[in-house]
Amino acid sequence: MTVTRAVDILRTRWYVTVPVAFVLAGVLVPLGYLFVRALQADPQTLWDLVVRWRNLRLLGNTIGLAIGVLGVTTLIAFPLAWLTTRTDLPGRGVLTLLGVLPLAVPGYVMAYVLLATTGTYGTLAQTLGLVWPRLSGYSGALLALSLCTYPYLFLNLRTALLGVDPALEESARALGYSRWQVFWRVVLPQLRPGFLAGGLLVGLHVLGDFGVVSLMRFETFSYALYLQYAASYDRIYAACLALMLLALTVAVLFLEARLLRGLLLHRTGSGTARRSVPLQLRAGRWIGYAFGGGVALLSVGLPVGTVGYWMADRVASGLPWASLGSSLWASVSASVPAAGLAALLATPIAYLGVRYQSRWTQTIERVAYLGYATPPLAFALALIVFTLGVVPFGYQTLGLLVTAYALHFMAEAIGPIRSALYQAPPNLEEAARSLGRSPMGAFASVTFPLMRRGLLVSVAFVFLSAMKELPITFLLAPVGFETLALNTWSYAEEAMFGEAAPYALTIMFFSACFVGLLLIREQTATGQRTEAA
Amino acid sequence: MSEPLLSVQHLTKRFGPDAPPVVHDVSFDVGGGPSAEIFAVLGPSGCGKTTTLRCIAGFEHATEGTVVVQGRTMAGPDVHVPPEQRGVGIVFQDYALFPHLTVLENVAFGLREGTSAEQTARAREALEMVGLDSFEERRPQHLSGGQQQRVALARTLAPEPDLILLDEPFSNLDALLREETRQEVRQLLKDKGISAVLVTHDQEEALSFADRLAVMRSGQLDQVGTPEDVYYRPRTLFVAQFLGRTNLLLSQASGREADTPLGRVRLDREADGTVLVSLRPEHLTIAAPETVDGPMGTIVDRAFKGHDITYLVSCENNEYLVHTDNRELYEAGDTVALQPLEPAVVLERKSTPADVPSGVTPEPSEP
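Residues numbered from 1 in each chain as written. Chains lettered and ligands numbered in written order. Predicted model: local features only at pLDDT ≥ 70, side-chain atom pairs only at ≥ 80, totals over all residues. Heavy atoms only, no water.

Draft legend 1. Molecular detail of the domain arrangement of chain B. Split into domains, chain B comes out as domain 1 (6-87 + 161-232) and domain 2 (245-356). Its C-alpha centre places domain 1 of chain B at a distance of 34 Å from the equivalent point of domain 2 of chain B. (Domains from an automatic or database assignment.)

Here it is, written out as structure tokens:
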């Protein structure tokens, strides 16, 4: 029923048609174009490029890293989620906050921190005289990525643990199962959707990561892609690598959807008001503190301490105010328009999705999310190839960078706008229509005021994400356009830790704002849920 | 009735070209002006009554048929006047008050002519009309359900539409408030001479609120008439059952009389052959067995309700429901004689399934 109406609206309202078309084209055309360009090479060359030992090794490294990170993040996130939801550990709130804070440390900053801590010139050696072998390769990438991505899993597992209806556990206990058996047979199976959702985020993060693997010099698809681009730039091979990375991402998305099938139905909708009776840790609480403290020390204390140490070092020799200012301006001048554009594009997409839910509108939203899930390096490369081939005047312009940011981060903008739209049910607009307003007038006088807050949150999310973005900026920034992220990365790449510190610190500040916003939003969402219940 | 205010003719609505019609060939008129009337569309949920209303309001495009308001074709072949140009007010089930506006701003929302001072004055008038003038600065979410309902009504009435549509407007109120509000709203509409179309699944509401009503089933109107007409002379089994419980008798009719399981019974109209007839519980009574020679039954159950008593009487393997006043006192197990007080109503054969048993109909299920 709504399919025809969604199509009707797309046909008759340009202010919906244009943004939707822009998003669909912006995400799909470059990726398709990349595919077509790769296929233009003669079959023999293509065969040689794709079927070679090196690719197999890259595949092995990429998958191996993803699995490793999933394993480590689970080992960190699961006990932490359990400690903060199911025990009587005092200070659970602080521990929760500490478990979320690493989101404020982008991967490349974490990698920089690990590099600057270890080795002969590292912080450990300089302060404690402790020479720890310089982290690099698999172990370095594994540690850096795990430390900055486990919050995704932690948050999802927490929500899942809180969502389990205590009545289920109590029934199982009454049926004669021990506490441990209940956890194993009743609680754990219900955590699967949460685990898969968090795991997907971690997995996509690893696949898309460029900053960590490039600094740790660990050969994954992204790193090879970067090397191709930076050194020889064999366009066809780069395109092939990007496509293989893309295929891997799609495979992960499918795997997740498959594993999730049928599971979501069992999930309890909103959090239950009643909490299950917490486990009394008694002496065990010291183990809990040791674990939580250790994790917090590594994932939050270490970055702050290390960046602080090198910053102090840098302040002594004078801060590069001019360069810091110009890179801050560069970051802002790309991020602000990107945030505006993303919100502008996300509004009609979210509107269609909420008001005319159908397979059509779902497809449109999925495309928007595909732009988010696509490894940024592959996405940026596709945009370069497309621009050079079709609109060469657009290459290396700020406009292209802004568009790329907007298309990539739009998914972050859709969420808040969607939830804001749920606050403005469709019959409000209908009421406005029956009181004499045109379709656009009804939207402007009723729906827009109600979704303004959500819109602001969207803009903020995209702005802060774009501020710390690295791989897209790396490939698409105009010549001489040096953002905070680019400076942090390139100084770290050359082991100039002191020089990198001011940029890293500024980034961490903006990222912390991002996390703060995320937490406030979570809290209002929970607040609204309890109020509604 | 002279020229009707609203005329719906052969209205059909399909969602999608191959989908079955949700509203099928629906026709009715609603009077306006001096003969302004309140019309109710009554039916179970999913019968298409709300879709009919939304076609009149203009939120849905009619697939076939016409909607004419005051002689102006709003919907018809190649015509679809957008809702904002129809001058038809609507009150939604959940009121749809704008949460970002105050009560006064809500009511003034539809007033677009004159200066803003004039608009405010008119909005105040509308609020006064519903007795909420002291609440104008509040936000709608801080009002009770009944107050929100009245704000919604004031907002709809403020632009002075000739016709208002009411989409289950009382269903979110609790039982006590519902009846009171219903009477107030009816009085208000009558005082102002405004025509209204009410959509509801509550038979009591339709019977007490409307001047005329239509009973809708699976997208079609089974019967249109005054409340008394529809209640006492249901045309189909569905209407008979939907408006309350009734007793069905599978009978052999000849002329104005029929042989029924309860003996020979008068009919409301002529019929021949096998027919299904309906007798409301209050049109049956029971008497001591020795006083009359009718069919005998046994009291199975009784419910004393103070002002009246409901008996369930078993007779030849069927059970019948009888409402009597509180002077007929019997106990379960007593033998009584069953007596019809009024002619039985012959139900249309074409819409009656073949295997309907005689006896009392089941409690209508809550839609």
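Once you've had a look at it, read on.
Draft legend 2. Local environment of the packing of aromatic side chains. Per the counting criterion, the structure on display carries 28 aromatic pairs over all chains. When the centroid spacing of 4.5 Å and the interplanar angle of 50 degrees are considered together, the rings of Phe98 of chain B and Phe109 of chain B count as tilted. One end of the pair, Phe98 of chain B, is in the loop between strand S7 (88-91) and helix H2 (103-108); the other, Phe109 of chain B, is in the loop between H2 and helix H3 (116-129), and eleven residues separate them in sequence. Taking the relative accessible area as the measure of exposure, Phe98 of chain B reaches 0% and is therefore buried. The exposure class of Phe109 of chain B is buried, given its relative accessible area of 6%. Taking 6.3 Å as the distance between ring centres and 70 degrees as the angle between the ring planes, the aromatic pair formed by Tyr311 of chain B and Tyr330 of chain B counts as edge-to-face. Placement of the pair is Tyr311 of chain B in strand S16 (residues 308-315) and Tyr330 of chain B in the loop between strand S17 (318-325) and strand S18 (335-340), with a sequence separation of 19 residues. Under the relative-accessibility criterion, Tyr330 of chain B is labelled buried at 13%. Through a chain of ring-to-ring contacts, the aromatic side chains of Phe210, Tyr223, Tyr226, Phe474 and Trp489 of chain A assemble into a single cluster. Lying across the ring of Phe98 of chain B, Arg155 of chain B places its NZ or CZ 4.6 Å from the centre. (Phe/Tyr/Trp six-rings, centres within 6.5 Å; stacked < 30°, edge-to-face > 60°. Helix = DSSP H or I, 4+ residues; strand = E, 2+ residues; numbered from the N terminus. Buried < 20%, exposed > 50% of the residue type's maximum accessible area, 1.4 Å probe, protein only. Lys NZ or Arg CZ within 6 Å of the ring centre and 35° of its normal.)

Draft legend 3. Structural view of unusual backbone geometry. Phi at Gln396 of chain A is positive, roughly 60 degrees, even though this residue is not glycine. Note that Gln396 of chain A resides in the loop between helix H17 (376-390) and helix H18 (398-422). Exposure remark for Gln396 of chain A: the relative accessible area of 27% places this residue in the partly exposed category. The phi torsion at Gln70 of chain B lies on the positive side, around 50 degrees, for a residue other than glycine. Along the chain, Gln70 of chain B turns up in the loop between strand S4 (64-69) and strand S5 (72-76). The partly exposed category is assigned to Gln70 of chain B, whose relative accessible area is 48%.

Draft legend 4. Structural view of a negative patch on the surface. Residues and elements named next belong to chain B. A grouping of Glu125, Glu128, Asp133 and Glu160 is seen on the molecular surface, where their side chains present a negatively charged patch. Positionally, Glu128 belongs in helix H3. Judged by its relative accessible area of 52%, Glu128 falls in the exposed class. (Patch = residues over 30% accessible without salt bridge, like charges linked within 9 Å, V, L, I, M, F, W, Y side chains within 5 Å. Areas by Shrake-Rupley, 256 points an atom, 1.4 Å probe, with all protein chains shown as cover. Salt bridge = Lys/Arg side-chain N within 4 Å of Asp/Glu carboxyl O. Lys, Arg positive; Asp, Glu negative; His and termini not counted. Charge placed at Lys NZ, Arg CZ, Asp CG, Glu CD.)

Draft legend 5. Broad picture of the side chain of Thr347 of chain A. Position of Thr347 of chain A relative to the elements: it lies in helix H15 (residues 321-355). The contacts of Thr347 of chain A, once residues within four sequence positions are left out, are Ile417, Phe443, Met451 and Leu455 of chain A. (Contact = heavy atoms within 4.5 Å.)

Draft legend 6. Region of the structure containing the domain arrangement of chain A. All names here are of chain A. When its domains are assigned, chain A resolves into domain 1 (1-40 + 319-493) and domain 2 (41-315). Inter-centroid distance (C-alpha atoms) of domain 1 to domain 2 is 26 Å. Summed over both sides, the interface of domain 1 with domain 2 buries roughly 2,800 Å², with 75% coming from carbon and sulfur. Taken together, domain 1 and domain 2 are joined by one salt bridge. On the surface where domain 1 and domain 2 come into contact, there are three residue pairs in polar contact (both at pLDDT 80 or more). With seven residues, the single largest contributor to the side of domain 1 that touches domain 2 is helix H2 (residues 14-40). Partitioned by chemical class, the residues of the side of domain 1 that touches domain 2 number 23 nonpolar, three polar and three charged. (Buried area = accessible area lost by both parts, 1.4 Å probe. Polar contact = N/O pair within 3.5 Å; in protein donor to acceptor, adjacent residues only side chain to side chain. Nonpolar A, V, L, I, M, F, W, Y, C, P; charged D, E, K, R; others polar.)

Draft legend 7. Main features of a nonpolar patch on the surface. All names here are of chain A. A surface patch of nonpolar side chains, about 300 Å² in accessible area, is lined by Phe35, Val36 and Leu39. In this structure, Val36 sits in helix H2. Owing to a relative accessible area of 44%, Val36 belongs among the partly exposed residues under this scheme.

Draft legend 8. A look at the interface of chain A and chain B. Contact with chain A, which involves 18 residues of that partner, is made by 21 residues of chain B. Roughly 1,900 Å² is buried in total at the junction of chain A and chain B, and carbon and sulfur atoms are behind 62% of that figure. Sorting the residues of chain A by area buried against chain B places Glu430, Leu435 and Arg437 of chain A first, and these three jointly supply 32% of that buried surface. Summed over the shared surface of chain A and chain B, the number is two salt bridges. Between Glu84 of chain B and Arg433 of chain A there is a salt bridge; the shortest N-O distance is 2.6 Å. Our enumeration of links across chain A and chain B arrives at six residue pairs in polar contact (both at pLDDT 80 or more). Among the elements of the structure, helix H19 (426-434) and helix H20 (439-467) of chain A are those that each provide at least two residues to the side of chain A that touches chain B. The element that contributes the greatest number of residues to the side of chain A that touches chain B is H19 of chain A, accounting for seven residues. Residues of the side of chain A that touches chain B, tallied by class, amount to nine nonpolar, five polar and four charged.

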